[in-house]
Amino acid sequence: DQINWSPPASSGWIVSGGTVDLVGVGGAFDLVPGNGGYVDLDGSTGQAGQFSANVSLLGGVMYTLSFDLAGSHRGSSETVNVTFGSMAQSFSLASADPFSSHSLSFSPVTAGSYSFGYQNLGGDNIGILLDNVAVTAVSEPETYAMMLAGLGLVGWMAGRRKRSAG
């Protein structure tokens, strides 16, 4: 366990305005055994830190921030605010809630650096647990529909040419 964890700059993660803890992996605070290391979003100073990172995104592309959240596993229900670009959503979990997958989508208008972050609303040294964070581009269904329509048109034209030649 790394109490009041300060992630290395090379990780891309920033903790501001308070603290978070890196827990799990058989340590004293392996609150959800079998899940490796994960972040307790309310560090051990009584002031939950903003846990955030920046990512470069292209304009006009839909992106999904996916992540797993679990309850504190220490008797308190907690809420975390999640932001991704201009999008925001709150998630409330009961203490015993296991890890479950969540997501938040955002489509920037212009290319640039955008932030995403997690802010536990506690302040009692007991926070929601965070794991498996990823940002991925979403393939648009219209793209697939256009591609299938184009392939269908090519196939129809090939069949038409064959019938004309034969």
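So, how was this worked out
- Residues numbered from 1 in each chain as written.
- Predicted model: local features only at pLDDT ≥ 70, side-chain atom pairs only at ≥ 80, totals over all residues.
- Heavy atoms only, no water.
- Helix = DSSP H or I, 4+ residues; strand = E, 2+ residues; numbered from the N terminus.
- Buried < 20%, exposed > 50% of the residue type's maximum accessible area, 1.4 Å probe, protein only.
- Pairing = 2+ DSSP bridges.
- Axes fitted to C-alpha atoms, helices over the stretch in contact; angles between N-to-C directions.

> Can you explain unusual backbone geometry? Please cite residues and give values.
Negative phi values dominate among residues other than glycine, just as trans dominates among peptide bonds. Backbone geometry at Asn125 places phi at a positive 70 degrees, although glycine is not the residue there. Structurally, Asn125 can be placed in the loop between β9 (112–120) and β10 (129–137). Here Asn125 falls in the partly exposed class, since its relative accessible area comes to 32%.

> Tell me about the sheet that holds strand β4 (residues 50–57), and name the residues and values.
Spatially, the five strands line up as an open sheet ordered β1-β4-β9-β6-β7, and their pairing is antiparallel. Of all the strands in the sheet, the pair left with one neighbour each is β1 (13–16) and β7 (87–93). Looking at each pair of strands side by side, their axes are set apart by 20 degrees on average, direction ignored. Sheet topology places β1 next to β4; four bridges connect them, and they run antiparallel. By the bridge assignment for β4, Val15 is matched with Phe51.

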